[in-house]
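Chain residues, written in single-letter form:
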Amino acid sequence: MTNPITNLQARFFQELKSSIPPYASLVDEIAELLQVSMDSAYRRIRGEKLLDFDELKIICQRFNISVDRFFSATSNAILFHGSLNTYDENAFGRWMEDVLAQLNLVNSFSHKHVYFLVKDMPPFHHYYHPLLAGFKFFFWKKSILYYENLKNEKFSASKNYFAPYQDLTQKILRVYNKVPTSEIWNEEGLNTTLRQIEVYHEMGLIDTSDTTLQLYQCVLEVIDHLEKMAETGRKSMLGHPPSEESAEYRLYLNEIVLGDNTFMAEIGENKITYLNHSVLYFVGSTDQRFNEGMFKNLENLMKKSTLISGTGEKERKQFFNKLRKKVQAKAALVQSEV
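Remember, it's a predicted structure, so these values are computed and weren't measured experimentally. (Residues numbered from 1 in each chain as written. Predicted model: local features only at pLDDT ≥ 70, side-chain atom pairs only at ≥ 80, totals over all residues. Heavy atoms only, no water.)

A.B. asks: How would you explain helix H13 (residues 313-337) if you had to name every residue and give the values?
C.D. replies: Its 25 residues place the ends of H13 37 Å apart at the C-alpha level, agreeing with the 36 Å of an ideal helix rising 1.5 Å per residue. Within the span of H13, buried status applies to Arg316, Phe319, Phe320, Leu323, Arg324, Val327, Ala331 and Val334. Contact partners of the buried residues in H13: strand S3 (181-185), helix H10 (191-202), helix H11 (209-232) and strand S4 (249-253). (Helix = DSSP H or I, 4+ residues; strand = E, 2+ residues; numbered from the N terminus. Expected span 1.5 Å × (residues − 1). Buried < 20%, exposed > 50% of the residue type's maximum accessible area, 1.4 Å probe, protein only. Contact = heavy atoms within 4.5 Å.)

A.B. asks: Before we move on, can you summarise the sheet that holds strand S6 (residues 270-277) with the specific residues and values?
C.D. replies: As a general point, the strands of a sheet are linked pairwise by backbone hydrogen bonds and lie either parallel or antiparallel. If you trace the eight strands from one edge of the open sheet to the other, you get S1-S7-S6-S5-S2-S3-S4-S8, paired in mixed fashion. Where the open sheet ends on each side, the last strands, each with one partner, are strand S1 (81-82) and strand S8 (306-307). (Pairing = 2+ DSSP bridges.)

A.B. asks: Can you tell me about the pairing of S6, naming the residues and giving the values?
C.D. replies: Pairing analysis gives five bridges linking strand S5 (residues 262-267) to S6, with the strands arranged antiparallel. Of the residues in S6, the one forming a bridge with Glu266 is Lys271. Hairpin connection, S5 to S6: the antiparallel pair is bridged by two residues, and Gly268 has positive phi, about 60°. Examined bridge by bridge, S6 and strand S7 (residues 281-285) share five bridges and lie antiparallel to one another. Note on S7: the bridge partner recorded for Tyr274 is Gly284.

A.B. asks: Can you explain the pattern of salt bridges? Please cite residues and give values.
C.D. replies: Scanning the model with the defined rule gives 15 salt bridges in all. Here Glu245 makes a salt bridge to Lys178, at a shortest N to O gap of 4.0 Å. Here Lys178 lies in the loop between helix H9 (166-176) and S3 and Glu245 lies in the loop between H11 and S4, a separation of 67 residues in the sequence. Relative accessible area serves as the criterion here: at 52%, Glu245 is assigned to the exposed category. Residue class for Lys178 comes out partly exposed when judged on its relative accessible area of 32%. The partner of Glu198 in a salt bridge is Arg195, with the nearest N and O atoms 2.8 Å apart. With Glu198 and Arg195 both in helix H10 and three residues apart, the pair spans about one turn of that helix. On the basis of relative accessibility, which here comes to 14%, the residue Glu198 falls in the buried class. (Salt bridge = Lys/Arg side-chain N within 4 Å of Asp/Glu carboxyl O.)

A.B. asks: Requested: an account of unusual backbone geometry, with residues and values cited.
C.D. replies: Even without being glycine, Tyr87 reaches a positive phi, approximately 55°. Along the chain, Tyr87 turns up in the loop between S1 and helix H6 (91-107). With a phi close to 65°, Asn261 is a non-glycine residue in the positive phi region. Checked against the element boundaries, Asn261 lands in the loop between S4 and S5.

A.B. asks: Could you give an account of H6, naming the residues involved and the relevant values?
C.D. replies: Side chains three or four residues apart in an α-helix point the same way, a direct result of the helix having 3.6 residues per turn. Between its first and last C-alpha atoms H6 spans 24 Å; for 17 residues at 1.5 Å apiece the expected length is 24 Å, and the two agree. Those residues of H6 that fall on the buried side of the exposure criterion are Ala91, Phe92, Gly93, Trp95, Met96, Val99, Leu100, Leu103 and Val106. Residues of H6 that are buried in the fold lie against strand S2 (112-117), helix H7 (123-126), helix H8 (130-144), H9, S5 and S7.

Structure (structure tokens):
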């Protein structure tokens, strides 16, 4: 008679195998992790030797997975993993490193694709311009992560808030530009960033009106760059044409549904969905049923949207011109104060 526990363990390893990069050897990983022979690792993977609780804990911690879903296949529970703000001086750096780690994981698979249901312009696009990236870093650290050392500080173009994270940012952009991406936008996609600049200006948290105008100019330059990527249908760095490594870039316009910053990644035969929480953070789930439902929803949204990358020149120009007018209107208000 088939042992259901043995079958469960074999299925556990099968799903684990599908979630690690194709170049990685599961048996090598398990043998090294549990400090057992290759043969002993094989027997555990095939379900011939049962894992003990300590071994199961070690594996789950190493691969950041939960066994709960294997024991509750018929329940409505959906399992997520993620991080929370630790309210210390290294919180933002760790957040950046986690973003890079997740992108590296996605990029490690031969079949990969990222989908973004845009509420706020994806963080990667802010990184194209050092001054705009510096402002977003300052805003996130001061108003979201509550860095005490920024409590009484104003944003200034003369202070390079971008510098401490420049290397990390460039690494993130290089990996991001290698991953094929589909983004679902509407005209509201710039509102959050524009509102952050506007509120900081009104509160006197930006040192001069000239700095505020520089930030709006940065947003305009990023819009120009996004339009070029949409026109070519490929990613690139600001001010540069696509390279041989540049991935596909699909931009959809949906004028009905407001985005919520849902981020989904296809990795091999599996999917991961990341949901936004606490403004800056995400929780992720590899739950198969949940991901299939989320993917079907994204597919339906894309079918009801207009593809404006690589095609739809008229709609593309109209969309980006509307974005520019939003920024220009904000800048004009600041100029009228000078």
